[in-house]
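Topology and contacts: notes
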Amino acid sequence: MSTSIVLNWSGEGSDVKVAGEFTSWSPQDAIKTGDAWQFKIDLQPGRYQYKWVVDGNWLADESQPVDIDESGNKNNVVSVEVEAEKIPEVQKETEPIEEKPTESNLVESTEADQTEVSGDRYESQLSSASDRPNKQSSIIDYCAIL
């Protein structure tokens, strides 16, 4: 899959071309757009070296990435990345769950169950289980009466 690439030259020049690995180093015309020159090309993923040919002079644009080839020539370089296939994300809208009180999550508190922190010591005022009425036995006793 190829990717459209636009190379830009914003320096001086009245005749601007691009030559690179993608043109077999044969200069191709750039197009004047406003104050700059553009060269559009579709490239396969990879790394490509190129130079600008400005008024007959082969130049590397120092404001763009450069590389030195095996012969010692300074060239501009463009990298074309493989585009990952975009998979749309599915987001589920979730509503907050409102927990309704049930017998299992209710806590009954009495004044005797409260604790108090005083200074460095912890005073517990919990009543013993034998001081509290047993609800289950009270209900069973009530049902037996009926």
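Description of the structure in this document. (Residues numbered from 1 in each chain as written. Predicted model: local features only at pLDDT ≥ 70, side-chain atom pairs only at ≥ 80, totals over all residues. Heavy atoms only, no water.)

Here's the deal with the environment of Tyr48
Mapping Tyr48 onto the fold places it in strand S6 (residues 46-54). Taking the C-alpha atoms as reference points, Tyr48 and Asn75, 27 residues apart in sequence, are found 9.5 Å from one another. Sequence-distant contacts of Tyr48, defined by excluding residues within four places in its chain, comprise Glu21, Phe22, Leu43, Asn76, Val77, Val78 and Val80. Of note is the side chain of Tyr48, whose polar atom sits 2.8 Å from the backbone oxygen of Gln44. (Helix = DSSP H or I, 4+ residues; strand = E, 2+ residues; numbered from the N terminus. Contact = heavy atoms within 4.5 Å. Polar contact = N/O pair within 3.5 Å; in protein donor to acceptor, adjacent residues only side chain to side chain.)

Topic: the pattern of salt bridges
Inspection of every chain in the model, using the stated rule, returns three salt bridges. Ionic pairing is found between Arg47 and Asp67, a salt bridge with its closest N-O pair at 2.8 Å. Of this pair, Arg47 sits in strand S6 while Asp67 sits in strand S8 (residues 66-68), and the two are 20 residues apart along the sequence. Measuring nitrogen to oxygen at the nearest pair gives 3.1 Å for the salt bridge that ties Lys74 to Glu62. (Salt bridge = Lys/Arg side-chain N within 4 Å of Asp/Glu carboxyl O.)

Let's talk about the sheet that holds strand S5 (residues 36-43)
Reading across from one edge, S1-S5-S4 is the order of the three strands in this open sheet, with antiparallel pairing throughout. Strand pairing shows two members of the sheet lacking a second neighbour, strand S1 (3-9) and strand S4 (31-33), which therefore form its edges. On average, each strand axis in the sheet is tilted by 40° relative to the strand beside it, whichever way the strands run. (Pairing = 2+ DSSP bridges. Axes fitted to C-alpha atoms, helices over the stretch in contact; angles between N-to-C directions.)

Observations regarding the packing of aromatic side chains
On inspection of all chains with the given rule, the structure shows five aromatic pairs. Summarising the aromatic geometry, the rings of Phe22 and Phe39 are spaced 6.1 Å apart at their centres and angled 25° between planes, so their arrangement reads as stacked. Of this pair, Phe22 sits in the loop between strand S2 (16-20) and strand S3 (28-29) while Phe39 sits in strand S5, and the two are 17 residues apart along the sequence. Judged by its relative accessible area of 8%, Phe39 falls in the buried class. Centre to centre, the rings of Tyr50 and Trp52 are 6.2 Å apart; their planes meet at 80°, and the pair counts as edge-to-face. As far as the burial class goes, Tyr50 and Trp52 line up, both buried. By way of ring pairs, the aromatic residues Trp9, Phe22, Phe39, Tyr48, Tyr50 and Trp52 are connected into one cluster. (Phe/Tyr/Trp six-rings, centres within 6.5 Å; stacked < 30°, edge-to-face > 60°. Buried < 20%, exposed > 50% of the residue type's maximum accessible area, 1.4 Å probe, protein only.)

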